Amino acid sequence: MSNNHQVKAKKHLGQHFLNDETIAQKIADTLSLKNYKTVLEIGPGMGVLTKYLLKKEVTTHVIEIDTESVEYLKNNYLNLASRVIEKDFLKYDLNEVFKGESFAIIGNFPYNISTQIVFKTIEMRDQIPEFSGMFQKEVAQRICSKEGSKVYGILSVLAQAFYDAEYLFTVPPEVFNPPPRVESGVLRLTRKQDYSLPCNEKMLFKVVKAAFQQRRKTLRNSLKTFNLSDNLREDVIFGKRPEQLSVEAFIALTLKIENDIN
Ligand code: SAH
């Protein structure tokens, strides 16, 4: 254990402290530092990743829910002390600190709230040009996967509607304390140059969720509750299953559904 101060990991907070400096540095180096001057690290714990962020030409803020970790950070990283936010990332209004400005997100994330972290990022995409860090491997792969893959799902489509997603590297359980039961994966999301949607966002989310909730069924069946016209339901796309549709195809489908309903 490289940290001289031993904090007992709290399972309900998804605490798995990274113990490998090389990997911590490698994760910090996934930031491109383009299009932002500020970085927010989610769940810094005892700061293994934070110390490499502090060496970069950006202003680092951290948000950490655990009081014990917050005290450790404030005592050990004096130049960070005023930028430690002791809050729940999912509940906190980040604009109390960032006031509408752009920032990148990074972290060795708490895996128990992975999906919600990605959804909050998507919601705040106007301010988040880049997002990188570590999830459990399966989640990282899902976010980055393309149509045709069996892990392609809601998160893949909704994240890739706005971001280019790259799976960067895999990290084994042994480099954490305590080791998680699964492998981990590091990814990077880079916001697309034009990330505006030609269709209604809420409708896209509804269509994607309904389609993948019954992923074995054709869209004709899974989208029944949308009360679409017989005419539209005969479109060849309704004979497909959700994993066959690219992000662009989901957007085109949503447009057709909007036109049909109106
Ligand atoms: N980055 C550190 C710790 C990773 S463990 C390292 O690599 O060693 C995940 C961290 O997220 C823990 O410190 C945990 O307390 C924190 N965390 C869990 N839920 C959180 C939430 N909702 N908001 C902010 N931090 C959270």
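Residues numbered from 1 in each chain as written. Predicted model: local features only at pLDDT ≥ 70, side-chain atom pairs only at ≥ 80, totals over all residues. Heavy atoms only, no water.

J.: Would you mind showing me how to read the domain arrangement of the protein chain here?
T.: Much of the literature gives interface size as the accessible area that the parts lose upon coming together. Per the domain assignment, the segments making up the protein chain are domain 1 (3–191) and domain 2 (201–261). Placing a centre on the C-alpha atoms of domain 1 and another on those of domain 2 gives a separation of 33 Å. Where domain 1 abuts domain 2, roughly 1,100 Å² becomes buried across the two surfaces, and 71% of that area is made up of carbon and sulfur atoms. Sorting the residues of domain 1 by area buried against domain 2 places Y152, I154 and L158 first, and these three jointly supply 41% of that buried surface. (Domains from an automatic or database assignment. Buried area = accessible area lost by both parts, 1.4 Å probe.)

J.: Looking at this structure, I do not really get the packing of aromatic side chains. What am I missing?
T.: Here the distance between the centres and the angle between the planes together describe a pair of aromatic rings. The final tally for this structure, using the stated rule, is six aromatic pairs. On the basis of an interplanar angle of 20 degrees and a centroid distance of 5.1 Å, the ring pair of F109 and F131 is categorised as stacked. Here F109, found in the loop between β5 (104–108) and α5 (114–123), pairs with F131, found in strand β6 (residues 130–136); they are 22 residues apart in sequence, far enough to count as distant. F109 gets classed as buried once you look at its relative accessible area, which sits at 2%. Counting every residue linked through ring pairs, the aromatic cluster contains F109, F131 and F135. Lying over the aromatic face of F169, K26 brings its terminal NZ or CZ to 4.1 Å of the ring centre. Looking at R125, its charged tip hangs above the ring of F162, at a distance of 3.9 Å from the centre. (Phe/Tyr/Trp six-rings, centres within 6.5 Å; stacked < 30°, edge-to-face > 60°. Helix = DSSP H or I, 4+ residues; strand = E, 2+ residues; numbered from the N terminus. Buried < 20%, exposed > 50% of the residue type's maximum accessible area, 1.4 Å probe, protein only. Lys NZ or Arg CZ within 6 Å of the ring centre and 35° of its normal.)

J.: Sorry, what's going on with unusual backbone geometry here?
T.: Glycine aside, the phi torsion of most residues is negative, and most peptide linkages are trans. For the bond from N177 to P178, the omega torsion is -10 degrees, close enough to zero to count as cis. If you trace the backbone, P178 turns up in the loop between β8 (176–177) and β9 (184–191). At N35, a position not held by glycine, the phi torsion is positive, near 70 degrees. With respect to the helices and strands, the residue N35 is situated in the loop between α1 (21–28) and β2 (38–42). Exposure remark for N35: the relative accessible area of 67% places this residue in the exposed category. Although it is not a glycine, K99 sits at a positive phi angle of roughly 45 degrees. Mapped onto the secondary structure, K99 falls in the loop between α4 (95–98) and β5.

J.: Explanation requested: helix α8 (residues 201–213) in the structure shown.
T.: Counting along an α-helix, one turn takes 3.6 residues, and residues three or four places apart therefore face a common direction. If you check α8, its first and last C-alpha atoms are 18 Å apart, about what 13 residues at 1.5 Å a residue would give, namely 18 Å. By the burial criterion, the buried members of α8 are M203, L204, F205, V207, V208, A210, A211 and F212. Here the buried face of α8 lies against α5, α7 (154–160), α9 (219–222) and α11 (247–261). The backbone nitrogen of K202 lies 3.0 Å from a side-chain oxygen of the residue at the head of α8, namely N200. (Expected span 1.5 Å × (residues − 1). Contact = heavy atoms within 4.5 Å. Polar contact = N/O pair within 3.5 Å; in protein donor to acceptor, adjacent residues only side chain to side chain.)

J.: I tried to follow the site of the ligand on my own but got confused; where do I start?
T.: With respect to spatial proximity, 21 residues lie near the ligand, and among them L18, G43, E64, D88 and N108 are the closest. Interatomic distance of 3.5 Å between a backbone N/O atom of G45 and an oxygen atom of the ligand. One nitrogen or oxygen atom from the side chain of N108 is found 2.7 Å from an oxygen atom belonging to the ligand. (Near = heavy atom within 4 Å.)

J.: Explain the side chain of K56 to me, please; I cannot follow it from the model alone.
T.: Here K56 lies in the loop between α2 (50–53) and β3 (59–63). One polar contact links K56 to D29, side chain to side chain, over a distance of 2.7 Å. Beyond its immediate chain neighbours, meaning those up to four positions away, K56 contacts A28, D29 and L33.

J.: Explain the nonpolar core here, please?
T.: Generally speaking, nonpolar side chains in soluble globular proteins are found buried as a group. Grouped together as the largest cluster of nonpolar side chains are 56 residues, with contacts concentrated most on L223, F250 and L253. Elements that contribute at least two residues to this core include exactly β2, α5, β6, α6 (137–144), α7, β9, α8 and α11. Taken domain by domain, the makeup of this core includes at least three residues from each of domain 1 (3–191) and domain 2 (201–261). Those residues in contact with L253 that lie beyond four places of it in its chain are V207, L219, L223, I237, F238 and L245. V58, V171, V175 and V186 belong to the second-largest nonpolar core, a separate cluster that totals 22 residues. (Core = buried A, V, L, I, M, F, W, Y, C linked by side-chain atoms within 4.5 Å.)

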